[in-house]
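Structural overview for review
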Amino acid sequence: MPRKCSVPGCKSNYNPNADHITTFRFPKDEQLCKTWISKINRKDFVPGSCACVCILHFDERFITRDDKATRADGTLLTLQRKVPLLPKDAYPTIFNGQPKYLSCPLPSKRKTPEDRTRELKERCEINFKKLCAADNIDSFSEFLKLCSIHLLKCIRNNWLKQTETNQTFNIPSFDDTDNKLYYASILHLKKLYNIEQHHSLKLAPALSKKVLYPTSLERQNVSTAIKLFDEKSVAALNIELKENKTGYGEAVEGKNIS
């Protein structure tokens, strides 16, 4: 005669005409046995030698349904067990038909490092494919729209690398009918910065020590790089040219072009 489940309200194996349901005896370990008794919420219950809890009250992660062995050739042999097996630390957690607070789902099973590494690689491959599919620039003008800021950063960094005293580079005219070359000098901007350094009201507020004297790390900052080409700085050079005749004329034209 099949053993009946000791959980209150559970009718496993009470009907002789119903399918047999696997049951597990209460553990011999005293502490674990107390855990089982507290979980099934049966007042003043003392389990006898035949007392048991059916398989319906155990999380699937606790249940071993197959035996596995590795053959000599390295292949895996899997055989289904006639009677499912519980590990020594298993305890009931599912109590359908009883108050919900009695059921205590197991926490999510932690993935193995191998599984996490594999999933990370798969996600990276998927994201890379999406990026490649979206990274489609049809024309040079579209490239300029998307990358102009980074181009300005490269121009600024190359400008700062000039070994010539005034750190000057030539800029060709973008007008096909004009073969004139303009020049731009960092020295003029540095002079303007030094003039306004202690002024409370600055005509070129974008100029700063980080903009004109960046460290190697600061040279990678795009937002700092584009401040060198700020329109207010161009206007300030024009004002300084008109008021003090400091010879910024061609530099202003060159900076406007850049």
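The following paragraphs examine the structure supplied in this document. (Residues numbered from 1 in each chain as written. Predicted model: local features only at pLDDT ≥ 70, side-chain atom pairs only at ≥ 80, totals over all residues. Heavy atoms only, no water.)

Before going further, it helps to examine the overall build of the chain. For the chain, the helix and strand inventory stands at eight helices and six strands. In sequence order, the secondary structure elements of the chain are arranged as β-α-β-β-β-α-α-β-β-α-α-α-α-α. The buried share among the 258 residues of the chain stands at 30%. Long-range contacts, defined here as pairs at least 24 residues apart, represent 54% of the contacts in the chain between residues at least 6 apart. Surface summary for the chain: the accessible area is close to 18300 Å², and the carbon and sulfur share equals 54%. (Helix = DSSP H or I, 4+ residues; strand = E, 2+ residues; numbered from the N terminus. Buried < 20%, exposed > 50% of the residue type's maximum accessible area, 1.4 Å probe, protein only. Contact = heavy atoms within 4.5 Å. Areas by Shrake-Rupley, 256 points an atom, 1.4 Å probe, with all protein chains shown as cover.)

Turning our eyes to something else, we now look at the layout of surface pockets. The probe, sized like a water molecule, is rolled over the atoms to show the empty space still left. A volume near 340 Å³ is recorded for the largest pocket. Those elements giving two or more residues to the lining of the largest pocket turn out to be strand S1 (23-25), helix H1 (30-40) and strand S4 (76-85). By residue class, the composition of the lining of the largest pocket is 11 nonpolar, one polar and four charged. (1 Å grid on protein atoms, 1.4 Å probe; cavity = no way out; pocket = protein on both sides within 12 Å on 5 of 7 lines; lining within 4 Å. Points joined across faces, edges and corners; volume = space filled by probe spheres on them. Nonpolar A, V, L, I, M, F, W, Y, C, P; charged D, E, K, R; others polar.)

The topology assignment puts Ile-37 in helix H1. Distance in space between the C-alpha atoms of Ile-37 and Pro-92 is 9.4 Å, their sequence separation being 55 residues. Setting aside residues up to four positions removed in sequence, Ile-37 forms contacts with Phe-26, Arg-42, Phe-45 and Pro-47.

The next point concerns the packing of aromatic side chains. Under the defined criterion, the tally for this structure stands at five aromatic pairs. On the numbers, 5.7 Å between centres and 50 degrees between planes, the contact of Phe-26 with Phe-45 is tilted. Taken together, the residues span a long stretch of sequence, with Phe-26 in the loop between S1 and H1 and Phe-45 in the loop between H1 and strand S2 (52-54) at a distance of 19 residues. Lying over the aromatic face of Tyr-14, Lys-4 brings its terminal NZ or CZ to 5.8 Å of the ring centre. (Phe/Tyr/Trp six-rings, centres within 6.5 Å; stacked < 30°, edge-to-face > 60°. Lys NZ or Arg CZ within 6 Å of the ring centre and 35° of its normal.)

All we've got here are geometric facts, nothing functional implied.
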